[in-house]
Amino acid sequence: MAHFDAVLPGKVHRIFYENLVAGPENEIRHLLGYLGLPFEPECLDFHKNDRAVTTPVRSRCESPSMIARWSNGGIMSRGSGR
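This report concerns the structure included in the present document. (Residues numbered from 1 in each chain as written. Predicted model: local features only at pLDDT ≥ 70, side-chain atom pairs only at ≥ 80, totals over all residues. Heavy atoms only, no water.)

## Focus on the overall build of the protein chain
Okay, so step 1: Scanning the protein chain from N- to C-terminus turns up 5 helices and 0 strands.
Okay, so step 2: When the helices and strands of the protein chain are listed from N to C terminus, the series reads α-α-α-α-α.
Okay, so step 3: When the 82 residues of the protein chain are sorted by exposure, 9% land in the buried category.
Okay, so step 4: Sequence separation of 24 or more characterises 13% of the internal contacts of the protein chain that already satisfy a separation of 6 or more.
Okay, so step 5: About 6,500 Å² of surface is accessible on the protein chain, with carbon and sulfur atoms providing 57% of the total. (Helix = DSSP H or I, 4+ residues; strand = E, 2+ residues; numbered from the N terminus. Buried < 20%, exposed > 50% of the residue type's maximum accessible area, 1.4 Å probe, protein only. Contact = heavy atoms within 4.5 Å. Areas by Shrake-Rupley, 256 points an atom, 1.4 Å probe, with all protein chains shown as cover.)

Right, here's the structure in full:
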């Protein structure tokens with residue numbers, strides 16, 4: 001990140017996953033504020049979206065359980081490389 005800070009000072013918004021898991025509304029509000037967008041409660045209900053997700057991470061978008069797995073250390077404890 002030091003490179004991006006040097007070549008794009010003030011242009012990169014950092015999101016630390018641990019903070020997102022611990023307080024999603026706060027982190028989402030900060031991100032949307034950085035982008036100049038209003039917060040909408042639906043941002044917290046991403047798993048209730050009826051639109052089709054056509055990316056390889058589709059299953060992760062359909063359930064809030066992924067956040068629970070991260071917050072409980074499930075993924076991190078399975079040798080994710082961190």
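## Focus on helix α3 (residues 24–35)
An α-helical turn contains 3.6 residues, so any two residues separated by three or four positions project in the same direction.
Okay, so step 1: In this model α3 runs 16 Å from its N-terminal to its C-terminal C-alpha over 12 residues, within 8% of the 16 Å that 1.5 Å per residue would give.
Okay, so step 2: Every buried residue of α3 is listed here: E27, I28 and L32. In an axial view of α3, the angular spread of the buried residues amounts to 130 degrees, which keeps them on one side of the axis.
Okay, so step 3: Packed against the buried residues of α3 are α2 (17–22). (Expected span 1.5 Å × (residues − 1). Arc of directions from axis to C-beta.)

These results come straight from atomic positions and should not be treated as a statement about function.
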